[in-house]
Amino acid sequence: DGGITQSPKYLFRKEGQNVTLSCEQNLNHDAMYWYRQDPGQGLRLIYYSQIVNDFQKGDIAEGYSVSREKKESFPLTVTSAQKNPTAFYLCASSIGDREHQPQHFGDGTRLSIL
Amino acid sequence: DAKTTQPPSMDCAEGRAANLPCNHSTISGNEYVYWYRQIHSQGPQYIIHGLKNNETNEMASLIITEDRKSSTLILPHATLRDTAVYYCIVRVRDNTGKLIFGQGTTLQVKP
């Protein structure tokens, strides 16, 4: 089945540690996105990429980094500089070449601090 | 950015139609309306989107008023599995393509 796969589903980070969240899609979508969701709140955009080898900061990029070396993959690294990383992280993708095409989401990774 | 307003919660009897309203009075002429839903601890699921005409797919129908200032999502035969938070979104008109999720409507389908 085509879709977006995020792994792991749950992740724990120690103080001062970097962790990487995986996002893979087999939908042949050009655009990919990372959002963060905190309890009872909406989604906030961390980074987005509209094409391979290019990405842009979203509204809350500080303490995060990404790469887009392959069309199907958009991993997110939560660095030790992110002081409040506990959240639900969502990856999404869309066709990208038409502004109105919807984004489709993975099932998320829940990150907690030990 | 066009803001959306939704009731915080609604109930619906199983097997009946669920009609979820959304106001977006500041929507611009070329902005689309999207509906997503989110079940606890899962990613948002895309339901449907439209510009000015009514739309229907296998999940739901979207009715947009002629002045485009409001819309209604219709789940024709609600089941218990349709219990979720439903979000009405007008897409941000910038080059990020980001979606802004408000508080949404918590739909509780009851047996």
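Described in the following lines is the structure provided in the data block. Chains are numbered independently. Their residues run from 1 in the order of the written sequence. Chain letters and ligand numbers both follow the written order, the letters beginning at A and the numbers at 1. Local features are withheld for residues below a pLDDT of 70 in this predicted model, meaning they are given only at 70 or higher, and side-chain atom pairs are given and counted only at 80 or more; totals for whole chains, interfaces and linings count all residues. In computing side-chain values, all of the structure's heavy atoms are included and hydrogens and water are not.

**Considering the interface of chain A and chain B**
Okay, step 1: The interface of chain A with chain B comprises 23 residues on the first partner and 19 residues on the second.
Okay, step 2: In this description, buried area is defined as the sum, over both parts, of the accessible area (probe of 1.4 Å) that is lost when the two are combined. Together chain A and chain B conceal approximately 1,800 Å² of surface at their shared face, both sides included; 47% is due to carbon and sulfur atoms.
Okay, step 3: Within this document, salt bridges are pairs made up of a side-chain nitrogen of Lys or Arg and a carboxyl oxygen of Asp or Glu, the two lying within 4 Å of each other. Taken together, the connections running from chain A to chain B amount to 1 salt bridge.
Okay, step 4: Of the charged contacts in the structure, one is a salt bridge between B:Lys98 and A:Asp59, with a shortest N-O distance of 2.5 Å.
Okay, step 5: Polar contacts, as used here, are pairs of N or O atoms within 3.5 Å; protein pairs need one atom able to donate a hydrogen and one able to accept it. Residues neighboring in sequence count only if both atoms are side-chain atoms. Seen at the junction of chain A and chain B, the total is 7 residue pairs in polar contact (both at pLDDT 80 or more).
Okay, step 6: Secondary structure elements with two or more residues in the side of chain A that touches chain B: strand E4 (31–37), strand E5 (43–51), strand E9 (87–94) and strand E10 (104–105) of chain A.
Okay, step 7: Of all the elements, E5(A) adds the most residues to the side of chain A that touches chain B, at 4 residues.
Okay, step 8: In this count, Pro and Cys sit with the nonpolar residues alongside Ala, Val, Leu, Ile, Met, Phe, Trp and Tyr, while Asp, Glu, Lys and Arg are called charged and the others, Gly among them, polar. Its residues assigned to classes, the side of chain A that touches chain B shows 9 nonpolar, 9 polar and 5 charged. By definition in these notes, contact holds between two residues if any of their heavy atoms fall within 4.5 Å. Per the convention used, a helix needs a DSSP run of H or I reaching at least four residues, while a strand needs a run of E reaching at least two, with both numbered from the N terminus.

**Examining the sheet that holds strand E8 (residues 84–90) of chain B**
Residues and elements named next belong to chain B.
Okay, step 1: Here, any two strands with at least 2 DSSP bridges between them count as paired. Reading across from one edge, E1-E9-E8-E3-E4 is the order of the 5 strands in this open sheet, with mixed pairing throughout. The open sheet is flanked by strand E1 (9–13) and strand E4 (45–50), the only strands paired with a single partner. Adjacent strand axes in the sheet meet at a mean angle of 25 degrees when their direction is disregarded. To define axes, lines are fitted to C-alpha atoms, for helices over the stretch in contact only, and angles between the resulting N-to-C directions are given on a 0 to 180 degree scale.

**Notes on the nonpolar core**
All names here are of chain B.
Okay, step 1: What we call a nonpolar core is a set of buried Ala, Val, Leu, Ile, Met, Phe, Trp, Tyr and Cys residues that are connected through their side-chain atoms within 4.5 Å. Only protein chains enter the accessibility calculation, which uses a 1.4 Å probe. A residue is then buried if its area is under 20% of the maximum for its type, exposed if over 50%, and partly exposed in between. If you look at the biggest cluster of nonpolar residues, it comprises 21 residues, and the most contacted ones within it are Trp35, Leu73, Tyr86 and Leu107.
Okay, step 2: Going through the elements one at a time, strand E2 (18–23), strand E3 (33–38), E4, strand E6 (61–64), strand E7 (70–75), E8 and strand E9 (105–110) are the ones with two or more residues in this core.
Okay, step 3: When residues in this core are grouped by element, the largest group, 4 residues, is from E8.
Okay, step 4: For Tyr86, the residues in contact, after removing those within four places along its chain, are Gln6, Leu20, Trp35, Tyr36, Arg37, Ile47, Leu73, Leu75, Gly104, Thr105 and Leu107.

**Quick notes on empty space enclosed by the protein**
Okay, step 1: Grid points spaced at 1 Å and placed over the protein atoms alone form the basis of the search, with a cavity being a set where a 1.4 Å probe fits but cannot get out and a pocket an open set showing protein on both sides within 12 Å along at least five of seven lines. Lining residues have an atom within 4 Å of a point. Grid points are joined across faces, edges and corners, and a volume is the space filled by probe spheres set on the points. In total, this model carries 1 cavity of 30 Å³ or more according to the counting rule given.
Okay, step 2: Along the walls of the largest cavity sit A:Lys9, A:Tyr10, A:Phe88, A:Arg110 and B:Ser41, which together make up its complete lining.
Okay, step 3: Among the residues making up the lining of the largest cavity, the classes are represented as 2 nonpolar, 1 polar and 2 charged.

**Details of the layout of surface pockets**
Okay, step 1: By volume, the largest pocket is sized at about 320 Å³.
Okay, step 2: Every residue lining the largest pocket is counted, 17 residues in all, and those nearest its centre are A:Gln37, A:Pro39, A:Gly40, B:Gln38 and B:His40.
Okay, step 3: Considering each element in turn, the lining of the largest pocket owes the most residues, 3 residues, to E8(B).
Okay, step 4: Of the residues assigned to the lining of the largest pocket, the class counts are 6 nonpolar, 9 polar and 2 charged.

**Section: the sheet that holds E6(B)**
All names here are of chain B.
Okay, step 1: Pairing within the open sheet is antiparallel, and its 4 strands lie in the order E2-E7-E6-E5. A strand with exactly one partner marks an edge of an open sheet, and here the two such strands are E2 and strand E5 (55–56).
Okay, step 2: Here E2 runs beside E7; their pairing, made up of 6 bridges, is antiparallel. Looking across to E7, one finds that Asn23 is bridged to Ser70.

**Here's the deal with the state of the cysteines**
Okay, step 1: By disulfide we mean two sulfur atoms from cysteines, separated by a distance within 2.5 Å. Under the counting rule described, the total for this entry stands at 2 disulfides over all chains.
Okay, step 2: Shown here is the disulfide that connects A:Cys23 with A:Cys91, its sulfur atoms set 1.9 Å apart. With the S-S dihedral at roughly -75 degrees, the linkage between A:Cys23 and A:Cys91 falls on the left-handed side. Of the two residues, A:Cys23 sits in strand E3 (residues 19–25) while A:Cys91 sits in strand E9, which places them 68 residues apart along the sequence. Comparing A:Cys23 with A:Cys91, the two get one shared label, buried.
Okay, step 3: One disulfide bridge connects B:Cys22 with B:Cys88, the sulfur atoms lying 2.1 Å from each other.

**Some words on the pattern of salt bridges**
As a working rule, side chains carrying opposite charge can pair if their charged atoms are close by.
All names here are of chain A.
Okay, step 1: Throughout the structure, instances matching the rule amount to 6 salt bridges over all chains.
Okay, step 2: A salt bridge links Asp30 to Lys71; its shortest N-O distance comes to 3.5 Å. Residue Asp30 is located in the loop between E3 and E4, and its partner Lys71 is located in the loop between strand E7 (64–66) and strand E8 (76–78); the two are separated by 41 residues in the primary sequence.
Okay, step 3: Classification of Lys71 by relative accessible area gives partly exposed; the value is 25%.
Okay, step 4: Among the ionic pairs, Arg36 bridges to Asp38, the shortest N-O distance being 3.0 Å. You'll find Arg36 and Asp38 in the same group, each marked buried.
Okay, step 5: Connected via shared salt-bridge partners are Arg36, Asp38 and Arg44.

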